[in-house]
Amino acid sequence: MAKALVVYSTRTGETKDIAELIAEGLRMQGVEVNVVNVTAVKKEADLGGYEAYVFGSATYHGEMMQSMKTMLFLAEKANLEGKWGGAFGAFGWSGEAPGRIYDTMKNIFKMNMANAPLMLKSASLGGGIQMAQEYGKNIGKSMK
């Protein structure tokens, strides 16, 4: 069974909610998923053993959360080249974090990005639940 890791960094819990919904979409495609807070990723080995990686962070003052930046520096050493990827995040005003994560995964890590970054103000607004689940489903379909 294909395996995916969803890593999120959150301030208010919105990004965690989106991560869980993306994981549901992946599971609907038969993918085994682990969802973890970025603080649980402490070493390169914590990123091993997956075919897909979905990283997400809230945007705060125009930036991704520092804990996600730190994890991305660690992930650069984890040889994710050729793996499937996705990026997402919650935001209040501007929403730069998902795009920056996406660009890092695609251009630095050389990952196969299944979708454009998913940006939601909230999972519970304007069809956010369905959008997040579809995002996960699309990554799962790409893995097949």
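Residues numbered from 1 in each chain as written. Predicted model: local features only at pLDDT ≥ 70, side-chain atom pairs only at ≥ 80, totals over all residues. Heavy atoms only, no water.

## Focus on the nonpolar core
In globular proteins that are soluble, nonpolar side chains generally tend to be buried together.
Okay, step 1: By size, the foremost hydrophobic cluster in this structure holds 24 residues, and its most contacted members are Tyr53, Phe55, Met68, Met71 and Met105.
Okay, step 2: Looking at this core, the elements with two or more residues in it are strand E1 (3-9), strand E3 (52-57), helix H2 (66-75) and helix H3 (97-108).
Okay, step 3: Of all the elements, H2 adds the most residues to this core, at five residues.
Okay, step 4: What Met68 contacts, discounting residues up to four positions off in sequence, is Val7, Tyr8, Ser9, Val38, Phe55, Gly56, Ser57 and Ile101. (Core = buried A, V, L, I, M, F, W, Y, C linked by side-chain atoms within 4.5 Å. Buried < 20%, exposed > 50% of the residue type's maximum accessible area, 1.4 Å probe, protein only. Helix = DSSP H or I, 4+ residues; strand = E, 2+ residues; numbered from the N terminus. Contact = heavy atoms within 4.5 Å.)

## Quick word on H2
Okay, step 1: Turning to H2, its buried residues number three or more, namely Met68, Met71, Leu72, Leu74 and Ala75. Axial view of H2: buried residues confined to an arc of 155°, hence all on one face. The exposed set on the far side of H2, more than 90 degrees from its buried face, consists of Gln66 and Phe73. (Arc of directions from axis to C-beta.)

## Observations regarding the layout of surface pockets
Okay, step 1: If you add up the space inside the largest pocket, you get close to 260 Å³.
Okay, step 2: What lines the largest pocket is a set of 17 residues, and nearest its centre among them are Arg11, Thr59, Ala90, Phe91 and Gly92.
Okay, step 3: Taken together, the elements giving at least two residues each to the lining of the largest pocket come down to helix H1 (14-28) and strand E4 (59-60).
Okay, step 4: A per-class count over the lining of the largest pocket returns five nonpolar, nine polar and three charged. (1 Å grid on protein atoms, 1.4 Å probe; cavity = no way out; pocket = protein on both sides within 12 Å on 5 of 7 lines; lining within 4 Å. Points joined across faces, edges and corners; volume = space filled by probe spheres on them. Nonpolar A, V, L, I, M, F, W, Y, C, P; charged D, E, K, R; others polar.)

## Comments concerning unusual backbone geometry
Okay, step 1: Phi at Asn79 takes a positive value of approximately 55°, unusual for a residue other than glycine.
Okay, step 2: Within the fold, Asn79 resides in the loop between H2 and strand E6 (84-90).
Okay, step 3: A positive phi angle is found at Lys110, which is not glycine, with a value near 60°.
Okay, step 4: Within the secondary structure, Lys110 sits in the loop between H3 and strand E7 (112-113).

Any functional reading would require information that these geometric values do not contain.
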